[in-house]
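Structural description and commentary
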Amino acid sequence: MTTVSSAGHSRRDFLYIATGAVGAVGAAAALVPLIAQMNPDASTIAAGAPVEIDLAPIADGQIVKVFWRSKPIFIFHRTKHDIELAQNVNVASLPDPAPDSERVKAGHEQWLVVIGICTHLGCIPLPHEGNYDGWFCPCHGSQYDSAGRIRQGPAPKNLYLPPYTFISDTKIRIGEESTKSA
Amino acid sequence: MSGHSTYSPQNKFLQWFEKRLPIGGLIHSSFIAYPTPRNLNYWWAFGGILSFMLGVQIITGVILAMHYIPNVDLAFRSVETIMRDVNYGWLLRYLHANGASMFFLAVYIHMFRGMYYGSYKEPREVLWILGVILYLLMMATGFMGYVLVWGQMSFWAATVITNLFSAIPGVGDTIVTWLWGGYAVGNPTLNRFYSLHYLLPFVIAGVVVLHVWALHVSGQNNPSGIEPKSDRDTVPFTPYATIKDGFLMVCFCILFAWFVFYIPNYLGDAANYIPANPAVTPAEIVPEWYYLPFYAILRSIPNKLLGVCALFGSIGILAFLPWLDTSKVRSAHYRPLYRQFFWLFVIAGVGLGWLGTKPPEGIYVILARVFTFYYFAFFLIVLPLLGIFEKTKPLPNSISESVLGAKA
């Protein structure tokens, strides 16, 4: 290597910077597949297509568990009492405020559909347990009410709502949120 | 790394080889002639024990990998096949499973030793930080190995631990999906954990080399906490340290063997003999004993993000210990106040471990909060202030004086 420096910007300076820039872009591009391969693969995404659930066999007051995208989904056929309890709550006092009307589809108040994963650290809460007519998480003691809202314990959020649509009065499609109401 | 003697082999071939690759001289000066303080006690033997345990885990682990199948439908069964059908499979698996516990037992003693005698202080900061990195790598490796069994505790531990990252605002859920390779813990998760569980022990071995290198640059600390000043303060590594390390290693192996042969499942959770079921969470989720103090810290804070921050912070804060402790005196032997706060810290750490097994209710929550507060206060309040206010005892003039008295 020569130590002689030329005054001002030389052709060599340009070549250094240009080579370095191409190298940096190449290294960054090489990271993309290395990182992206860990995301869900095509078969996993395909298996996550919407599922249709028949609600007719679910009795009054019953909570059933179905699976969509490997996640448990609770479908709660709420009794009049459950609905009243959920509606007569001071919304502002809740840790994650949401009125009951935001938790269900209009006209289908008896059906609560939530992802059955505790928003704390991912355990599956137990149905019909706890003090709020909903769920109790055995891992760290979070309690949810009959609208799936967090009422007590370390969980920060209400049980999440999956995208779903009523395709008839007794049938829903989970995995698809349609703007037109059935 | 200068020793009491220099390596000069008599054998012609060794002389020829040494001129081309001086590895014999490196080993000789590092592990034979290497000067160690003459007053090292048995608490200094755990570094050797840890190296031994790493070797045990790698050898048994590589063998288990010959029989294990990382697939959600076959993993649990392949572990049972190892236990029942593979020749000596039960022994190799029990050695590996209990070996993890022994590894952590040794590392906790090693860390408390470093804290008691101030081994993290100047000029050993990098040595200490490399140790914290090793501890983090051990925790990650141990966790992923536990998941491979694919029992109920494996599955739900994987779910709970990966969900810790969902607490990160904004990108949390994206990161968790990326970690899982799916919409929940599943086959892709198991496969990548297997790959990483095989990789990380070799990363640990690499960092151990750096750890030992840094140790041999600064030299070992010792119970008096003062540096060797003359040849009278040190003895050669072999035979003195070698024999002492070897003796305690044999005693440690007896304890290890007692667990493996008499109570191999004592430290495990019975629920992990139930195959993983993504539809049902076990009634009680408890991590392995060596994570319990951190689990208790997580649970003691009634806010998800803050709880996760406290969990990671409680480990990360260790890396700053060399600067949080402002006292110039290393050894607790000459720090009467520090000694009391240190033992309180040990009680808080063990207490948090005990509370991690208890349900998060009533008095247990209050105690866990008190201990968690003390855990952080020890680092952030006690250590910085003690350096200013503590009146330390006079230090001896040399290591040999601390051993033999002023007449030496």
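This one's a predicted model, so the numbers in the text were calculated from it and none came from an experiment.

This paragraph deals with the overall build of chain A. Of the regular secondary structure elements, chain A holds four helices and 10 strands. What you see in chain A, going N to C, is helices and strands ordered as α-α-β-β-β-α-α-β-β-β-β-β-β-β. The C-alpha atoms of chain A give a radius of gyration of 26 Å, which is well past the 16 Å a tight globule of 182 residues would have. When the backbone C-alpha atoms are referred to their principal axes, chain A occupies close to 90 × 35 × 30 Å. Taking all 182 residues of chain A together, the buried fraction comes to 28%. For chain A, restricting intrachain contacts to residue pairs at least 6 apart in sequence, the fraction spanning at least 24 positions comes to 46%.

All names here are of chain A. Pairing within the open sheet is antiparallel, and its four strands lie in the order β5-β6-β7-β8. The open sheet has two free edges, formed respectively by β5 (126–129) and β8 (150–152), since each of these has just one partner strand. Sheet topology note: the strand β7 (residues 143–144)/β8 ladder contains two bridges and is antiparallel. If you follow tyrosine 144 over to β8, its bridge partner there is isoleucine 150.

Bringing the packing of helix α5 (residues 89–116) of chain B against helix α10 (residues 237–262) of chain B into the picture now. Residues and elements named next belong to chain B. Where α5 contacts α10, the two axes come as close as 10 Å, and the packing angle between them is 135°. Relative to α10, the element α5 is oriented oblique. Taken as a pair, α5 and α10 cross one another with a handedness that is right-handed. Here Tyr94, Leu95, Asn98 and Met102 of α5 lie close against α10, whose contacting residues are Phe256, Phe259 and Val260.

Below, the discussion takes up the domain arrangement of chain A. You can read the domains of chain A as domain 1 (7–39) and domain 2 (46–174). For domain 1 of chain A and domain 2 of chain A, the distance between their C-alpha centres works out to 50 Å.

Residue and element names in this part refer to chain A. Across the sheet, which stays open at both edges, the three strands sit in the order β1-β10-β9 with antiparallel pairing between neighbours. Looking at the sheet topology across the chains shown, the edges are occupied by β1 (51–54) and β9 (164–168). Geometrically, the sheet is characterised by an average inter-axis angle of 30° between neighbouring strands, direction not taken into account.

Taken as a class, soluble globular proteins show a tendency for nonpolar side chains to be buried jointly. Residues Cys123 of chain A together with Phe103, Ala106, Leu148, Trp150, Ala157 and Val160 of chain B are the most contacted members of the largest nonpolar core, which totals 87 residues. For this core, the element with the highest residue contribution is α5 of chain B, accounting for 10 residues. Contact partners of alanine 106 of chain B, with chain neighbours within four places excluded, come to Phe46, Ile49, Leu50 and Met53 of chain B. The next biggest cluster of nonpolar side chains, apart from the first, holds 20 residues, and it includes Leu292, Leu298, Ala368 and Leu383 of chain B.

It is worth spelling out the pairing of strand β2 (residues 63–68) of chain A at this point. All names here are of chain A. Relative to strand β3 (residues 71–77), β2 is paired through six bridges, and the arrangement is antiparallel. Each bridged residue has a counterpart across the sheet, and for tryptophan 68 the counterpart in β3 is lysine 71. The hairpin turn running from β2 into β3, its antiparallel successor, is two residues long, and arginine 69 in that turn takes a positive phi close to 55°.

Let us now look at the domain arrangement of chain B. Residue and element names in this part refer to chain B. Looking at chain B, the domain boundaries give domain 1 (34–285) and domain 2 (294–397). Computed over C-alpha atoms, the centres of domain 1 and domain 2 are 23 Å apart. Tallying the contact residues gives 19 residues for domain 1 and 19 residues for domain 2. Elements with a contribution of two residues or more to the side of domain 1 that touches domain 2: α5 and α6 (125–148). Sorting elements by how many residues they give to the side of domain 1 that touches domain 2 places α6 first, with five residues. Here the residues of the side of domain 1 that touches domain 2 sort into 13 nonpolar, four polar and two charged.

Moving on: helix α4 (residues 75–84) of chain B. Considered for burial, the residues of α4 of chain B that qualify are Ala75, Phe76, Ser78, Val79 and Ile82 of chain B. All buried residues of α4 of chain B lie within an arc of 165° about the axis, which places them on one face of the element.

What counts, and where the lines are drawn
- Residues numbered from 1 in each chain as written.
- Chains lettered and ligands numbered in written order.
- Predicted model: local features only at pLDDT ≥ 70, side-chain atom pairs only at ≥ 80, totals over all residues.
- Helix = DSSP H or I, 4+ residues; strand = E, 2+ residues; numbered from the N terminus.
- Rg over C-alpha atoms; globule rule 2.2 N^0.38 Å.
- Buried ≥ 20, exposed ≤ 12 C-beta atoms within 10 Å, placed from the backbone.
- Contact = placed C-beta atoms within 7 Å.
- Pairing = 2+ DSSP bridges.
- Axes fitted to C-alpha atoms, helices over the stretch in contact; angles between N-to-C directions.
- Parallel < 35°, antiparallel > 145°, perpendicular 65-115°, else oblique.
- Left-handed = near helix turned anticlockwise from the far one by under 90°.
- Domains from an automatic or database assignment.
- Core = buried A, V, L, I, M, F, W, Y, C linked by C-beta atoms within 7 Å.
- Nonpolar A, V, L, I, M, F, W, Y, C, P; charged D, E, K, R; others polar.
- Arc of directions from axis to C-beta.

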